[in-house]
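Read off the chains here:
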Amino acid sequence: LVMVLIGSIELEKDNFIASLGKAHIGKSGYFFIMTSDGMFVSHPDARRILKPAGPLLAGNPALVRAMEGFEGTIESPDSLGADSLFSFRRLYSTSWILASSVPAREAFVTIDRAERRSLLLVLLLALCVGPLVRWVIDRQLRPLDQLARRIDAVRQRPSLVMLPAVYAATEFGQLGRAFDELMRERLLSDSRYHRSADECRVATDSKHESFFIFQG
């Protein structure tokens, strides 16, 4: 051994590690680096650099999982108790953990805004489509309402079925035509029945008169 070359990095000075600690994600999100045993190497709060994360572990389950080997993104309370999204990536060459923290309210603000816009759009569509659907349904059921009114009118005045009528080229029109034909047949049948009854009554009266004359 002839000599030993020693180098050092001032973690609070301008360098790539310090620059990482000063970088922001959105408005208040940030990056930090910690060792696998919980020592902060880089952090926006300079007072935490080279300090153990032990006091923070009780209130931040995400840090505990990261030290246990978890990689990925997880939602967890931060040191102040606010819900945040933590992302962890282990740097195997140094056994460091690169992490980021973003408040959940900021991370989901785009989704929340999209949900509010979607809800507003649905309400507007409901306000616009609702009357349109009602108009379409009323238009489709209008022939049925007309048929019901005609049936009611014919019940009060059966002779109306003998008058000419215009039928729509739909199922309701065919139903109205069938109803009118049925009522006409009924009227004709009733008319024939009454005519036959009258003829029988006249014939019976004539026989009675002839019988009385014969007896006299």
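We now turn to the structure provided with this report. Bear in mind that the values here come from a model prediction, so they are computed numbers and not experimental data.

Another point: the pairing of strand 5 (residues 83-91). Regular strands place their side chains on alternate faces of the sheet. Of the pairings in the sheet, the one linking strand 4 (residues 72-77) to strand 5 comprises six bridges and is antiparallel in character. Looking across to strand 5, one finds that E75 is bridged to L85. The antiparallel hairpin formed by strand 4 and strand 5 contains five residues in its connecting segment, where G81 sits at a positive phi of about 90°. Examined bridge by bridge, strand 5 and strand 6 (residues 96-103) share eight bridges and lie antiparallel to one another. The residue of strand 6 that forms the bridge with R89 is L98. In this antiparallel pair of consecutive strands, strand 5 and strand 6, the connection spans four residues, and S95 shows a positive phi of 60°.

Here the focus is the pattern of salt bridges. The full count for this structure, using the stated rule, is one salt bridge. Across the pair D45 and R47 runs a salt bridge, and its minimum N-O distance is 3.1 Å. Judged by its relative accessible area of 21%, D45 is partly exposed. We classify R47 as exposed; its relative accessible area is 66%.

Inspection of the secondary structure assignment puts S101 in strand 6. Looking at S101, the relative accessible area reads 2%, which means it is buried. Distance from S101 to T73, taken between C-alpha atoms, is 9.6 Å for residues 28 residues apart in sequence. Once residues within four sequence positions are removed from consideration, S101 is found in contact with G29, Y30, F32, S84, L85 and F86.

As a further point, take the pairing of strand 2 (residues 29-35). Among the seven residues of strand 2, six are classified as buried, and the element is accordingly described as predominantly covered. Both strand 1 (residues 24-25) and strand 2 contribute to a ladder of two bridges, which runs antiparallel. Note that in strand 2 the partner of H24 across the bridge is Y30. Where strand 2 lies against strand 6, six bridges are found, and the strand directions are antiparallel. Within strand 6, the position partnered with F31 by the bridge is S100. Where strand 2 meets strand 3 (residues 40-42), two bridges bridge the pair, whose relative direction is antiparallel. Looking at strand 3, one finds that I33 is bridged to S42.

The next subject is the packing of aromatic side chains. As enumerated under the stated definition, the model contains three aromatic pairs in all. With a centroid separation of 6.1 Å and an interplanar angle of 45°, the aromatic rings of Y30 and F32 are classed as tilted. In terms of burial, Y30 and F32 fall into one category: buried. With 6.1 Å between their ring centres and 5° between their planes, F86 and F88 make a pair best called stacked. Take F86 and F88: they sit in the same class, and that class is buried. Through successive ring pairs, a cluster of aromatic residues spans Y30, F32 and F40. Over the aromatic face of F70 sits the side chain of R65, whose NZ or CZ is 4.4 Å from the ring centroid.

Reading the values: the criteria
Residues numbered from 1 in each chain as written. Predicted model: local features only at pLDDT ≥ 70, side-chain atom pairs only at ≥ 80, totals over all residues. Heavy atoms only, no water. Pairing = 2+ DSSP bridges. Helix = DSSP H or I, 4+ residues; strand = E, 2+ residues; numbered from the N terminus. Salt bridge = Lys/Arg side-chain N within 4 Å of Asp/Glu carboxyl O. Buried < 20%, exposed > 50% of the residue type's maximum accessible area, 1.4 Å probe, protein only. Contact = heavy atoms within 4.5 Å. Phe/Tyr/Trp six-rings, centres within 6.5 Å; stacked < 30°, edge-to-face > 60°. Lys NZ or Arg CZ within 6 Å of the ring centre and 35° of its normal.

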